[in-house]
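The primary structure of each chain is shown beneath.
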Amino acid sequence: MHAIGVNELKTHTSEIMRKVREERISYTITYRGKPVGVLLPLEENGGVSKEKNQDPWSKLEKIREKMSSLPRPEKSLTEALSEMRR
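Read on for a plain summary of the structure. (Residues numbered from 1 in each chain as written. Predicted model: local features only at pLDDT ≥ 70, side-chain atom pairs only at ≥ 80, totals over all residues. Heavy atoms only, no water.)

Further remarks concern the sheet that holds strand S2 (residues 27-31). Taken together, three strands build an open sheet; the order of strands is S1-S2-S3 and the sheet is mixed. Two strands lie at the open edges of the sheet, namely strand S1 (2-5) and strand S3 (34-39), each paired on one side alone. Sheet twist, expressed as the average angle between the axes of neighbouring strands with direction ignored, equals 35 degrees. The sheet contact formed by S2 and S3 spans five bridges and is antiparallel. By the bridge assignment for S3, Thr30 is matched with Pro35. (Pairing = 2+ DSSP bridges. Helix = DSSP H or I, 4+ residues; strand = E, 2+ residues; numbered from the N terminus. Axes fitted to C-alpha atoms, helices over the stretch in contact; angles between N-to-C directions.)

This is the structure:
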């Protein structure tokens, strides 16, 4: 998903809306560098597009699967932090 500032959105609204409509591009809208909203293309029936790369739950599931296949660390995070503080 592309990030775009509110001022850029205001300046280039027509061009951005054309990209959303024709190229199916999604945007995260930012204000002073912080995300404040999302601009997504709609499906033909007016529903929100559910592409796999836009679904945060499917991304989280992929991360969980990847982490579960990794070997367990020798030390817990608590033990490692305790050693660093000594």
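In this section: the side chain of Thr28. With respect to the helices, strands and loops of the structure, Thr28 is situated in strand S2. Taking the relative accessible area as the measure of exposure, Thr28 reaches 18% and is therefore buried. Apart from residues no more than four positions distant in its own chain, Thr28 is found in contact with Met1, His2, Ala3, Ile4, Pro35 and Gly37. (Buried < 20%, exposed > 50% of the residue type's maximum accessible area, 1.4 Å probe, protein only. Contact = heavy atoms within 4.5 Å.)

Core analysis: the largest hydrophobic core is formed by eight residues, namely Ile4, Leu9, Ile16, Val20, Ile25, Tyr27, Ile29 and Leu39. Contributing elements (two or more residues each) for this core: helix H2 (13-23) and S2. Setting aside anything within four residues of it in sequence, one finds Tyr27 in contact with Met1, His2, Ile4, Ile16, Lys19, Val20, Gly37, Val38 and Leu39. (Core = buried A, V, L, I, M, F, W, Y, C linked by side-chain atoms within 4.5 Å.)

Here the focus is the pattern of salt bridges. Here the structure, examined in full by the defined rule, presents six salt bridges. The partner of Glu83 in a salt bridge is Lys75, with the nearest N and O atoms 2.7 Å apart. Residue Lys75 is classed as partly exposed on the basis of its relative accessible area of 40%. When salt bridges that share partners are traced, they join Arg18, Arg21, Glu22 and Glu23 into one network. (Salt bridge = Lys/Arg side-chain N within 4 Å of Asp/Glu carboxyl O.)

The values are spatial; any link to function lies outside them.
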